[in-house]
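Fold and geometry: a report
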Amino acid sequence: MQLTAPANCTADSTDSSRTTRAARRTGIHDTDGMAVAAFVLGLLGLLVLNVFLGPIAIALASVALWRGTARRGRALLGLGLGVADLLVLVAFMSADSTLSWSL
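Residues numbered from 1 in each chain as written. Predicted model: local features only at pLDDT ≥ 70, side-chain atom pairs only at ≥ 80, totals over all residues. Heavy atoms only, no water.

Regarding the overall build of the chain
Basically, it comes down to this: Numbering of helices and strands runs from the N terminus; a helix is a DSSP stretch of H or I covering at least four residues, while a strand is a stretch of E covering at least two. Accessible area is worked out with a 1.4 Å probe on protein chains only. A residue is then buried under 20% of its type maximum, exposed over 50%, and partly exposed in between. Note on contacts: a residue pair is in contact if any heavy atoms of the two residues lie within 4.5 Å. Here the Shrake-Rupley method, with its probe set to 1.4 Å, supplies the accessible areas, and only the displayed protein chains count as covering residues.
From N to C terminus, the chain includes three helices and zero strands. Here the chain, with 103 residues, has 19% of them falling under the buried criterion. Within the chain, contacts between residues at least 6 apart in sequence are counted, and of these 62% link residues at least 24 apart. Carbon and sulfur atoms form 68% of the exposed surface of the chain, whose accessible area is close to 7100 Å².

A few points about helix H2 (residues 50-67)
Two residues of an α-helix separated by three or four positions point the same way, owing to the 3.6 residues in each turn. So the rule is basically this: Working rule for helices: expected span equals 1.5 Å times residues minus one. Comment: arc refers to directions from the helix axis out to C-beta atoms.
Between its terminal C-alpha atoms H2 stretches 25 Å, which fits the 26 Å expected from 18 residues at 1.5 Å a residue. Inspection of H2 places Asn-50, Leu-53, Gly-54, Ala-57, Ala-61 and Ala-64 among the buried residues, and these make up the whole buried set. Looking straight down H2, one finds that the buried residues subtend no more than 105° of arc, so they occupy a single side. When the buried face of H2 is taken as reference, the exposed residues oriented beyond 90 degrees from it are Phe-52 and Trp-66.

Some words on unusual backbone geometry
Within the chain, Leu-49 stands out as a residue other than glycine whose phi angle is a positive 50°. Position of Leu-49 relative to the elements: it lies in the loop between helix H1 (10-45) and H2. Note on Leu-49: relative accessible area 53%, which makes it exposed.

Considering the side chain of Asp-85
Let me state the cut-off plainly: Lys and Arg are tallied as positive, Asp and Glu as negative. Neither His nor the chain termini are counted. Only one rule defines a salt bridge in this text: a Lys or Arg side-chain nitrogen within 4 Å of an Asp or Glu carboxyl oxygen.
Following the sequence through the fold, Asp-85 ends up in helix H3 (residues 72-96). Arg-74 provides the closest opposite charge to the buried, salt-bridge-free Asp-85, at an N-O distance of 15 Å. With sequence-adjacent residues up to four places away left out, Asp-85 is seen in contact with Leu-41, Gly-42, Gly-45, Leu-46, Asn-50, Leu-53 and Gly-54.

Re the packing of aromatic side chains
Put simply, the rule reads: Two aromatic rings, drawn from Phe, Tyr or Trp (for Trp, its six-membered ring), form a pair once their centres lie within 6.5 Å of each other, and the interplanar angle then sorts them: stacked below 30 degrees, edge-to-face above 60, tilted otherwise. The criterion is that NZ of a Lys, or CZ of an Arg, lies within 6 Å of the ring centre and within 35 degrees of the ring normal, and then a charge sits over that ring.
Considering all chains together, one arrives at zero aromatic pairs under this definition. Above the ring of Phe-39, the side-chain terminus of Arg-74 is found at 5.6 Å from the ring centroid.

Concerning H3
For H3, spanning 25 residues, the distance from its first C-alpha to its last is 36 Å, which sits close to the expected 36 Å at 1.5 Å a residue. Taken together, the buried positions of H3 are Ala-75, Gly-78, Leu-81, Gly-82, Asp-85 and Leu-89. A positive phi of about 55° marks Ser-97, the residue just after H3.

The following block contains the structure:
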């Protein structure tokens, strides 16, 4: 008794290639979303919660670049804005001589 289809079946091979292509498209779409999220969080982090949003933007942009996003420029902007978030935090902390900053 055979529970699976034979390996030489043509219907199974086309189904698996469709599944692979669909998974690849989903992965690319996910990395594009990560690049956009890194940009938005980095931009938002310049105004509020830069101690949290900066590192998150850096991590998302790094993963998106590592996975090969189609929105490379957006990921690089997110990376730069995440670093700028941390630099703004350091600048305000050194100006106030405290571990936090306020306007």
